[in-house]
Amino acid sequence: VSTQSTWVPIDEAMTLIVKCISDDQWKVRRGAVNMLKELVMSGVQLPAADVNAVILKALMDSDSDVKEAATAARAEAMKSGVKISGKDVMSIVNKGIVDGEWKARRVALQMLVDFIRDGVEIPITEATVVALKGLMDSDSDVQNSAQEAFDEIKKIGVQLSPEGVMEPIMQGINSDGWKARRAALQFIVQMKGQELNLPQDEVTVAIVKGMFDSDSDVRNAATTAREEMSKSGIEFTPEKIISVIGKLSSEESFRVTKESLTAVLDLLNAGTQLNPSELLNLVIKGLIHPESDVRDVATMIRKKMGAQLHLSSGLVMATISKAAADSEWKIRKSAFWFLSEMVKEGVQLPPVELTAVVYKGMMDGDSEVKSAATEARDDIKSAGITFIEADAVLAIIRGASDDGWKV
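The rules behind these values
- Residues numbered from 1 in each chain as written.
- Predicted model: local features only at pLDDT ≥ 70, side-chain atom pairs only at ≥ 80, totals over all residues.
- Heavy atoms only, no water.
- Helix = DSSP H or I, 4+ residues; strand = E, 2+ residues; numbered from the N terminus.
- Contact = heavy atoms within 4.5 Å.
- Areas by Shrake-Rupley, 256 points an atom, 1.4 Å probe, with all protein chains shown as cover.
- Axes fitted to C-alpha atoms, helices over the stretch in contact; angles between N-to-C directions.
- Parallel < 35°, antiparallel > 145°, perpendicular 65-115°, else oblique.
- Left-handed = near helix turned anticlockwise from the far one by under 90°.
- Nonpolar A, V, L, I, M, F, W, Y, C, P; charged D, E, K, R; others polar.
- Salt bridge = Lys/Arg side-chain N within 4 Å of Asp/Glu carboxyl O.
- Buried < 20%, exposed > 50% of the residue type's maximum accessible area, 1.4 Å probe, protein only.
- Arc of directions from axis to C-beta.

Caption draft 1: Representation of the overall build of the protein. Counting its regular elements, the protein contains 21 helices and two strands. Sequence separation of 24 or more characterises 70% of the internal contacts of the protein that already satisfy a separation of 6 or more. A total accessible area of about 20600 Å² is found for the protein, and carbon and sulfur atoms account for 49% of it.

Caption draft 2: Main features of the packing of helix H14 (residues 258-269) against helix H16 (residues 292-305). It is at 9 Å that the axes of H14 and H16 come closest, and there the two elements cross at 25 degrees. On the basis of the axis angle, H14 is roughly parallel to H16. For the element pair H14 and H16, the recorded crossing hand is left-handed. Judged by residue contacts, Lys258, Leu261, Thr262, Val264, Leu265, Leu268 and Asn269 of H14 engage Asp293, Val294, Val297, Ala298, Met300, Ile301, Lys304 and Met305 from H16. Residue composition of the contact of H14 with H16, by class: ten nonpolar, two polar and three charged.

Caption draft 3: Spatial organisation of the pattern of salt bridges. Taken as a whole, this structure holds 14 salt bridges when the rule is applied. With its nearest N and O atoms 2.6 Å apart, the salt bridge here joins aspartate 61 to arginine 29. Here arginine 29 lies in helix H2 (residues 26-41) and aspartate 61 lies in the loop between helix H3 (48-59) and helix H4 (64-79), a separation of 32 residues in the sequence. When salt bridges with common partners are traced through the structure, they connect Arg117, Glu148, Glu152 and Lys155 into a single cluster.

Caption draft 4: Examining helix H5 (residues 86-96) more closely. Every buried residue belonging to H5 is among Gly86, Val89, Met90, Ile92, Val93 and Gly96, and all of these are buried. Taken down its axis, H5 places every buried residue within 165 degrees of arc, on the same side. Exposed side of H5, more than 90 degrees from the buried face: Lys87 and Lys95 are the residues found there. Contacts from the buried residues of H5 go to H3, helix H6 (102-117) and helix H7 (124-135).

Caption draft 5: A look at the environment of alanine 69. Inspection of the secondary structure assignment puts alanine 69 in helix H4. Counting along the chain gives 38 residues from alanine 69 to glycine 31, while the straight-line C-alpha distance between them is 8.7 Å. If we skip the residues at most four places from it in the chain, alanine 69 touches Arg30, Val33 and Asn34.

So yeah, pure geometry; function would need other evidence.
Put into structure tokens, the structure is as follows:
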């Protein structure tokens, strides 16, 4: 490549462009794109894969000037016969749609729309999944761009599969963002309008999760979805709902809410016979919940069911050990509150595990957790349970290798 009197080998020029397109300074990135455009316009034969990679990355840039330069470079590349493959496009779009920044997710979807309209042969199944993920996004701007992408995909005549649709729906309903959970439920209704036969079991799970969500907007969306899907023959009897909740409660990510526990208590008060084994995980998660109003309802369920709901020492100890090691201090604190309650009730817990958990709690970096663990130790001693001192020493030694400097 000749730039006036200076000769630069093509491979070195592309290496420099590829390096600069990742620079922290937006002006440097824009300069890299402009250099690429000039090379393309000069008729230099450049590796198509490198040209595509630089342009696609620039189109996803956070700076509008860089994206504008990338659009111009792309136009020149197309004039020169450089084709961007749909596979390369989807590689960038798939990364963008899971970006933590909502603007990046929106740009990814907008780029997908542009390339579909330009006639680039995009892998449609893959693009459909991306669009559906965007529809479940917690940000409304991302959802709007996703709807635009979804509309373009439908123009191609793609046949949506129930399984392909349910995957992003379940991702949405399990999201930490309430808007994403609400969008997932709204999309179930939208798919019903297109007469897409979604798997009934998975639809039921998604709607039941929404019915007992901690957010009122999500619960409202679930109520609407339940009413619409009931018209399609899906039954939502109280017994079935509780059965689903019971199964869900054994999942790691399941959120126990006051609403889900209240639903169980209402059925019990109405005389409905429920399977204790289906409620065990739900109730024990409620009993160890950091919020007192949730614990109160769980306690009422336990009293109502009496001996039918047996909390074994193994289950209690496993629940306490797990909660005591949680990253959230409130959950660690509630673990020792629950431990004290179980000891006062006379539940016989394994001494070795009991000692290790309590002493580790007494060395916690959070003062409230440390205080709760100390109170639990005092309750244990008051109950006449003797700590195994050797194991206490081992627990302290283990604490010396903990990542937390305070421990």
